[in-house]
Amino acid sequence: MGDMGVADDNKLGNYIELNVGGTVFFCSKSLLTYYCSYFSSKFSDDWTTAYNHTNERGNKQIFIDHNPEPFRILLNFMRENCIECREICSIPVLLQAEFFGVDDLLNAVKFRSYINKHPEFRGSPHDVIHAFNSRYGGIKDAISKGILPSYLVKRERRKEYALLGKSSGRFLVQGPKRLFDDGPFDDLSAESGLVPISPLFLDCLNWLGMNGFVTLDIPECVVQEGIRRIFFSRFLAYSSKIPEHELWNSFIIDNNRNADEHNKKPISKQYALLTVCSRSIVPDFGGVGMLREVAKIEADLGLKSEIEFRGQRIHTNISKVSGLNEATTVSCMNWLQTNGYTRREPELEEFYKTSQSISSQKTISIFSRMYDESFSLELKRKKIAHNISFFVETSSVELSR
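Rules and cut-offs
Residues numbered from 1 in each chain as written. Predicted model: local features only at pLDDT ≥ 70, side-chain atom pairs only at ≥ 80, totals over all residues. Heavy atoms only, no water. Helix = DSSP H or I, 4+ residues; strand = E, 2+ residues; numbered from the N terminus. Expected span 1.5 Å × (residues − 1). Buried < 20%, exposed > 50% of the residue type's maximum accessible area, 1.4 Å probe, protein only. Arc of directions from axis to C-beta. Phe/Tyr/Trp six-rings, centres within 6.5 Å; stacked < 30°, edge-to-face > 60°. Lys NZ or Arg CZ within 6 Å of the ring centre and 35° of its normal.

Chemist: Can you walk me through helix 9 (residues 125-136) in this structure?
Modeler: Because each turn of an α-helix spans 3.6 residues, side chains separated by three or four positions end up pointing in the same direction. Helix length check: helix 9, at 12 residues, gives a terminal C-alpha distance of 16 Å against a target of 16 Å (1.5 Å per residue), a fit within 8%. Of all the positions in helix 9, only Pro125, Val128, Ile129, Ala131, Phe132 and Tyr136 are classed as buried. On an axial view of helix 9, the arc spanned by its buried residues comes to 160°, and they lie on one face. Seen from the buried face of helix 9, the exposed residues on the opposite side, beyond 90 degrees, are His130 and Ser134. Glycine 137 lies just past helix 9 and shows a positive phi near 80°.

Chemist: Explain the packing of aromatic side chains to me, please; I cannot follow it from the model alone.
Modeler: Counted by the stated rule, this structure contains 21 aromatic pairs. Linked through ring pairs, Phe25, Tyr38, Phe39, Phe43, Phe71, Phe99 and Phe100 together constitute an aromatic cluster. Between the NZ or CZ atom of lysine 29 and the centre of the ring of phenylalanine 43, over which it lies, the distance is 6.0 Å. Sitting over the face of the ring of phenylalanine 235, arginine 157 holds its NZ or CZ atom 3.8 Å from the ring centroid.

Chemist: What is the right way to look at unusual backbone geometry in this model?
Modeler: Glycine aside, the phi torsion of most residues is negative, and most peptide linkages are trans. Here leucine 148 and proline 149 are connected by a cis peptide whose omega angle stands at 0°. Within the secondary structure, proline 149 sits in the loop between helix 10 (139-144) and strand 6 (159-167). Despite not being glycine, asparagine 81 shows a phi value in the positive range, around 65°. On the secondary structure map, asparagine 81 appears in the loop between helix 5 (68-80) and strand 5 (83-84). On the basis of relative accessible area, asparagine 81 is assigned to the partly exposed category, the value being 33%. For serine 168, which is not a glycine, the phi torsion comes out positive at approximately 55°.

Encoded structure:
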């Protein structure tokens with residue numbers, strides 16, 4: 001992008017007239033030099049003396065032998081700092097943007113089209129631009145190869161998978177090896193793809209949910225053996241915290257879909273487990289007995305603890321709502337609804353039941369909620385929800401407010 005101070009406004013005047021293919025555009029020289037490398041380099045004494053004249057209003061007029069309609073669109077981009085996707089999805093506009101060196105717009109085009117074509121790409125936004133140039137060349141070459149303008153709108157949908165299984169009484173998660181490249185995992189985890197987390201069912205399920213693996217899916221090439229494993233998938237999506245990422249995204253406005261849909265992060269979920277037990281027959285005043293149900297909820301309440309599991313000390317994020325210990329089903333359902341666990345997951349329930357030895361007197365239900373950081377922050381700040389204190393089930397130590 002050109003430097004705002006490249007052109008000397010005192011020599012040529014702040015405003016000029018561009019005659020583009022017979023259509024006159026009135027604009028500031030600083031605007032053109034700021035956005036276009038073409039004008040930034042061309043605004044010199046030699047060029048302006050040879051190719052412009054002063055009109056009756058004292059403004060410099062320069063003739064450019066190009067189609068005026070694409071230039072009108074590019075000039076509007078310079079003025080508004082954004083452009084509609086349908087406008088940039090024009091071959092004449094793309095070619096003129098390359099000719100005039102509208103670098104910010106060109107980078108936004110390359111970034112968006114490459115990520116739409118290769119959502120699995122990992123690297124900085126500048127790495128994306130480099131990859132585009134290396135693979136497809138310039139804008140004209142990318143057009144001839146069918147990448148532009150189609151992949152400004154079209155998006156490849158590619159999946160990656162993770163597996164939740166049970167072996168030797170322990171639940172485990174096997175994830176894509178690409179997740180282990182930058183994470184705090186040991187060599188054994190990276191080699192096997194096993195995620196080093198607690199072997200408890202909810203810990204494993206919440207890891208999958210928080211990492212976007214929320215769709216139960218079986219790859220076509222995989223034959224599921226038995227009933228002790230289940231596959232989850234998520235769509236690949238590029239992400240980066242580098243400022244250019246958000247800046248280039250903001251240049252191209254698409255009214256036909258969410259402006260950031262082509263780069264939307266996977267949906268994240270959290271899960272809660274509701275267990276209802278039939279305890280006993282309690283006679284009422286008339287001597288007629290009724291079945292007494294006792295319910296409990298287990299979920300990630302933002303608390304960590306260490307418990308003993310099969311002779312080993314393990315860390316877990318799962319706790320039980322102490323105020324709902326031996327509570328009614330109604331009380332537990334109200335807690336779930338109030339805390340956002342509104343969606344029941346029958347397929348997960350079936351997998352859990354077939355993986356466990358569950359008494360016929362127990363009813364297991366699994367509920368999910370879309371992850372919202374405000375839930376966890378509120379729980380950590382107050383350590384209460386609806387005047388109920390939480391305690392870690394295995395420690396039996398109630399936490400203070």
